[in-house]
Amino acid sequence: MGTLLEIVGLTKAYPGVVANDDVSFNIGDGEVHALLGENGAGKSTLVKMIYGLVKPDQGEMVFGGTVYEPSEPQEARARGVAMVFQHFSLFDALNVAENVALGMAEPPKTGELAEKIRSVSEQYGLPLDPWRLVGDLSAGERQRVEIIRCLLQDPKLLIMDEPTSVLTPQEVEILFATLRKLKAEGTSILYISHKLEEIRSLCDEATILRLGKKVGTCTPREVTAAQMAEMMVGSELHRPEREAATPGEVRLALKDLSVPSPSQFGTSLKNITLEVRAGEVLGLAGVAGNGQDELLAALSGEILSASGMVSLDGTAIGNKGPAERRRRGLLTGPEERLGHAAAPNMTLTENALLTGAEREGMMSSGFLKWGKARDFAAAIIERFDVRTPGTETAARALSGGNLQKFVIGREVMQRPEVLVVNQPTWGVDAAAAATIRQAILDLAAGGAAVVVISQDLDELMEVSDNFAALNEGRLSEIKPAKGLSMEEIGLMMGGVHGMEVAHA
Amino acid sequence: MIYLEKRPQPAKALSYFTPVLAVLITMVAGGLLFAVLGKNPVEAIRTIFWDPVFGEFAFYYRPQLLVKGGPLILIALGLSLGFKAGIWNIGAEGQYIMGAVAGAGVALALYPLEAWWIFPLMIIAGALGGWAWAMIPALLKVKFGTNEILVSLMLVYVAENFLKAMAIGAMKNPEGFGFPGSRNLQQYPSAHNTEVIAGSGMHWGVAAAFIAAIMGYILLNRHMLGFQIRLTGEAPRAARFSGVNPGRLVLFCMGTAGALAGLAGMFEVAGPAGQITTGFNVGYGFTAIIVAFLGRLHPFGIVLAGLLMALTYIGGEAAQSTMQLPAAAIQVFQGMLLFFLLAVDVLTNYRIRITLGEAA
């Protein structure tokens, strides 16, 4: 087996941080190579250099035997490198074929292109109707658009950045079948992920990055997931622990909650009914965009509903705004840290005030007590080990993980009666994620009811007592989390989206 | 290649320095403009910036600084609240007119009664007049989602025509020999906005402006409402999450701006102007927008910026009369100030990097 891409000593520094430090590895012909590392380990920077989006400070690459120095993605594509990004660049208002045509230098007629898309989609088992509007597609289907867009270029190397974060387990299987087929045809794949089991089942070789440096290589099939995790994190992982508790009174109840989404391509909530008891953690899974944001907003009070649709400790609060709900003990943590959970340009003290003003006594008859706000911010920083120069630092200057610890900590430390969080450990390193999960479990042990909305199934299995999934704004049946199989979870999440098209 | 790189934190010190830098650049560019017009640039700049404060006739100009600065500061303080929250009230000129008409209306209706409560009543009427005029765009925005920029701006022209109708109609001086314009309130002791300290130029409106600056500072830095205003401007979604009611905030910010502009108009008509005339308004409501930004939307900054802007007015007039500079050149000069301020503002959030060779 020959070598397709040789990477020698790539280095890239940004002000204040070395994103990649002397990284070298090879990808062979027809090899599926995993790039493994925590958030912030430098995976994205590395693939951006391969794809010509970022120019390395030092080091060189050899592609197919000749020197490879792409100065822009077009050059990379011309050499046979294609990439599927984590965030899609598709236009909702155009159909699939039109979207694919937009990415091409000389697109054929739409009819011809649609035919091509159909034949590639059949050949690789990726069901997709070229005439559908992208705005109506699920996240998994959108990803197929991006993959097919790449496959039409006949790439020699396909780069995939965290492709499974938006897929149900069944969709992951379809994707893997496609990738294996590509590999059999001799296409090399660079597969970026931090999901260890996936890598073990798919990849031939793995390069592990930590803090910008290559810390090891392994053959994923031959090592355990725990061994890879240790290489990735650099220390042994602390697993959250909990004691089995008997659930108490119903604290949060949703009854037939139906609200329209405020945004055009959002998902409306349809007849959601659930109960969460004191001491219980309810895990809600779902592929992104199936009503998670709307559910959080309906609980935080940003979207109002009929008063009886949401009740807290028996009191109907569906028509009450965020301040009133917070006063009664219903606290929430939205997914988007910058701009929603926190104001980017404001200091941590001001951000502590953002939700804590009333419950933490930082305000008397409307006047602010800055000293108390500063103390509260300092207390959060201390307890959740937030790495920051101090309380007067702007929120946007913190790394994603540190800010996440701060905004979750801010809610946890206000002793909520009910806590609802959306993607509590998204983009957070493993150690910080463990801290956050432990805090959530401790809250439940103390008698609070907790709802965790997440796309990370491992996380949900770890913390939840009961489990349900959101699918197109509807809630599945709620089942005890213990003993659920991946198969069952996948079906709760809606199985495979858009499969009917393939058989049509 | 020159390109901009975002700073991890906005540079605090620079945000105080950029207004000074903007003033300096304006002087240079303004000097060039005057030179092209065939005037001596150094003399023009000196006439505008130096002479009114330290020159031979400073005793006359200095009180004028407060007279012109007072209404600018008062209006700009109100506007700054909305601007901080991303609510763009461009119609302060109209609110200023309506405040003046309401205040003068009270006085003219009571004339020739003499009583201590007339002036306080005029203050209330003036504030209410401006408030009510600002409530029109505010309510339309909250109820129907209209654009407050357009509605408030259009209402300026309505207010101007209303003013003209008053000056030649209902409020016309019956003893004025048919000339347009109301009675002169300076000759109506109970309604006259007198100087707090005689000869200083400091009338009650200027006093009100300084009080408003202090209250604005307290509101923004020590009160929840001020925090909510800043939060809404910084991150509207986070503000909603925090529990801010955006509609109520629009009503508060527009209402306060309208009331302060109305007050400014009332103090003006009862003091320096004296009467309702067809040309009563001279653009304070628009200039105050520049003042608000030049003052960094900070209450004390606005006080300084208001005085600086008053200086360009007074110095500009002096330059017109002594150097025959066209009035339009002075307006361009004032516009440059805002333009350069916004331009150098980039430096607080970005730093300039110059690299040789191609861009990465």
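Check the entry above for the structure.
Residues numbered from 1 in each chain as written. Chains lettered and ligands numbered in written order. Predicted model: local features only at pLDDT ≥ 70, side-chain atom pairs only at ≥ 80, totals over all residues. Heavy atoms only, no water.

The next thing to look at is the interface of chain B and chain A. Contacts between the two partners involve 25 residues from chain B, matched on the other side by 34 residues from chain A. Both faces combined, the contact of chain B with chain A buries some 2,500 Å², and carbon together with sulfur accounts for 60% of it. A per-residue breakdown of the area chain B buries against chain A is headed by B:Phe227, B:Arg237 and B:Phe241, which together make up 29% of the total. The tally of links between chain B and chain A comes to one salt bridge. With a closest N to O distance of 2.6 Å, B:Arg230 and A:Glu350 form a salt bridge. Elements with a contribution of two residues or more to the side of chain B that touches chain A: strand S1 (2-6), helix H7 (204-222), helix H8 (224-234) and helix H9 (236-242) of chain B. A class-by-class count of the residues in the side of chain B that touches chain A yields ten nonpolar, six polar and nine charged. (Contact = heavy atoms within 4.5 Å. Buried area = accessible area lost by both parts, 1.4 Å probe. Salt bridge = Lys/Arg side-chain N within 4 Å of Asp/Glu carboxyl O. Helix = DSSP H or I, 4+ residues; strand = E, 2+ residues; numbered from the N terminus. Nonpolar A, V, L, I, M, F, W, Y, C, P; charged D, E, K, R; others polar.)

Moving on: the environment of A:Ala105. Residues and elements named next belong to chain A. With respect to the helices, strands and loops of the structure, alanine 105 is situated in the loop between helix H3 (96-102) and helix H4 (110-123). Judged by its relative accessible area of 74%, alanine 105 falls in the exposed class. Considered as a pair, alanine 105 and glutamate 392 are 287 residues apart in the sequence and their alpha carbons are 49 Å apart. (Buried < 20%, exposed > 50% of the residue type's maximum accessible area, 1.4 Å probe, protein only.)

Turning to the nonpolar core, a few remarks are in order. Ranked by size, the top nonpolar core spans 125 residues in total, and within it A:Leu158, A:Met160, A:Leu179, A:Tyr191, A:Phe406 and A:Phe467 carry the most contacts. The leading source of residues in this core is helix H14 (residues 430-445) of chain A, at eight residues. Each of two domains, domain 1 (3-233) and domain 2 (250-495) of chain A, supplies a minimum of three residues to this core. Ignoring anything within four residues of it in the chain, the contact list for A:Met160 reads A:Val84, A:Ile147, A:Leu175, A:Leu179, A:Ile189, A:Leu190, A:Tyr191 and A:Ile192. B:Leu72, B:Ile90, B:Phe280 and B:Val291 belong to the second largest nonpolar core, which has 73 residues in total. (Core = buried A, V, L, I, M, F, W, Y, C linked by side-chain atoms within 4.5 Å. Domains from an automatic or database assignment.)

Counted as a void, the second largest pocket has a volume near 1,700 Å³. B:Lys12, B:Ser15, B:Lys84, B:Arg230 and B:Glu234 are the residues nearest the centre of the second largest pocket, which is lined by 36 residues in total. Secondary structure elements with two or more residues in the lining of the second largest pocket: helix H11 (348-356) and helix H12 (370-383) of chain A together with helix H1 (12-36), helix H3 (58-84), H7, H8 and helix H13 (327-349) of chain B. Its residues assigned to classes, the lining of the second largest pocket shows 15 nonpolar, eleven polar and ten charged. (1 Å grid on protein atoms, 1.4 Å probe; cavity = no way out; pocket = protein on both sides within 12 Å on 5 of 7 lines; lining within 4 Å. Points joined across faces, edges and corners; volume = space filled by probe spheres on them.)

By themselves, these figures tell us nothing about what the structure is for.
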